[in-house]
Amino acid sequence: MKSRTFRLAPAVAAVTAGLLMAGTAGAAVAAPSDESPSPSSSAASPQDDDLTKGHWDKRGSYDDEPSCQKAGKEGKSRGTWSDYRCKREYNNDKYRYYWWLYTH
């Protein structure tokens, strides 16, 4: 009986180590991005709830935050929209992040 226990111990140790490694790797992949959504023209930061509560139009995609902010400011100065917010979102089809302009 002792020989059977000794044969199982290395296998159990290997499986346990594998599960521990997979758990830490999964946590690293699931960690949120360090970049937070950008502030809009108003003092409040954009929240998903804010964008879904009112009537916000999603416009264009931008490669970076400054170009999104610039488009938002230009539209506001022309009177095309009264408020805008830029939000960074992941595009599953292209496997990358884009900045989206939400206008109100």
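Numbering of residues starts from 1 in every chain and runs along the sequence as written. Predicted model: local features are reported for residues with pLDDT of at least 70 only, side-chain atom pairs are reported and counted for 80 or more only, and whole-chain, interface and lining totals are derived from all residues. Side-chain numbers come from the whole structure's heavy atoms, not from hydrogens or water.

Engineer: Explain the environment of S61 to me, and be specific about the residues and the numbers.
Structural biologist: Labels follow the DSSP assignment, with helices taken as runs of H or I lasting at least four residues and strands as runs of E lasting at least two, numbered in each case from the N terminus. As for its position among the elements, S61 is in strand β1 (residues 57-62). Sequence separation between S61 and K87 is 26 residues; the distance between their C-alpha atoms is 9.9 Å. Sequence-distant contacts of S61, that is, excluding residues within four places in its chain, are made with Y98, W99 and W100. Two residues form a contact once any of their heavy atoms are found within 4.5 Å.

Engineer: An account of the packing of aromatic side chains is requested, with residue identities and associated values reported.
Structural biologist: Each aromatic pair joins two rings of Phe, Tyr and Trp (for Trp, the six-membered one) with centres within 6.5 Å, and gets the label stacked for planes under 30 degrees apart, edge-to-face for over 60, and tilted for any other angle. Summed over the entire model, instances satisfying the criterion amount to 1 aromatic pair. Between Y90 and Y97, the aromatic rings sit 5.0 Å apart at their centres with planes inclined by 65 degrees, giving edge-to-face as the arrangement. The ring of W100 has K58 sitting right over it, with the charged end atom 4.4 Å from the ring centre. Lysine NZ or arginine CZ positioned within 6 Å of the ring centre and within 35 degrees of the ring normal marks a charge as sitting over the ring. Here R88 stacks its cationic end above the ring of Y97, 3.8 Å away from the centre of that ring.

Engineer: Describe the environment of Q69, with residues and values.
Structural biologist: Mapped onto the fold, Q69 is located in helix α3 (residues 65-78). Relative accessible area decides the class of each residue, using a 1.4 Å probe on protein chains only: under 20% of the type maximum gives buried, over 50% gives exposed, and in between gives partly exposed. With relative accessibility at 13%, the residue Q69 sits in the buried group. Think of a polar contact as two N or O atoms within 3.5 Å of one another; within protein, one of them needs to be a possible hydrogen donor and the other a possible acceptor, and neighboring residues in sequence only count if both atoms come from side chains. One polar contact links Q69 to Y84, side chain to side chain, over a distance of 3.3 Å.

Engineer: Tell me what's going on with α3, and back it up with residues and numbers.
Structural biologist: What a helix is expected to span follows from its residue count: subtract one and scale by 1.5 Å. With 14 residues, α3 extends 20 Å between its outermost C-alpha atoms, agreeing within 8% with the 20 Å of an ideal straight helix rising 1.5 Å per residue. Those residues of α3 hidden inside the fold are in contact with β1, β2 (84-91) and β3 (96-103). Positive backbone phi, at 85 degrees, marks G79, one or two positions downstream of α3.

Engineer: So what's going on with the pairing of β3? Which residues, and what values?
Structural biologist: For β3, a buried count of 6 out of 8 residues is recorded, marking the element as mostly surrounded by other parts of the structure. Two strands qualify as a pair provided DSSP detects at least 2 bridges between them. As judged from the 5 bridges shared by β1 and β3, these two strands associate in the antiparallel manner. Residue S61 lies in a different strand from β3, and its bridge partner there is W100.

Engineer: Can you explain the pattern of salt bridges? Please cite residues and give values.
Structural biologist: Close approach of charged atoms allows side chains of opposite charge to pair. The term salt bridge refers to a pairing of a side-chain nitrogen on Lys or Arg with a carboxyl oxygen on Asp or Glu at a separation within 4 Å. Per the counting criterion, the structure on display carries 5 salt bridges. A salt bridge links K58 to E89; the nearest nitrogen and oxygen atoms lie 2.9 Å apart. Separated by 31 residues along the polypeptide, K58 in strand β1 and E89 in strand β2 bring together distant segments of the chain. Across the salt bridge formed by R96 and D63, the nearest N and O atoms sit 3.4 Å from each other. Placement of the pair is R96 in strand β3 and D63 in the loop between β1 and α3, with a sequence separation of 33 residues. When its relative accessible area of 35% is taken as the criterion, R96 is described as partly exposed. D63 gets classed as exposed once you look at its relative accessible area, which sits at 57%. Residues joined in a network through salt bridges with shared partners are K58, K87 and E89.

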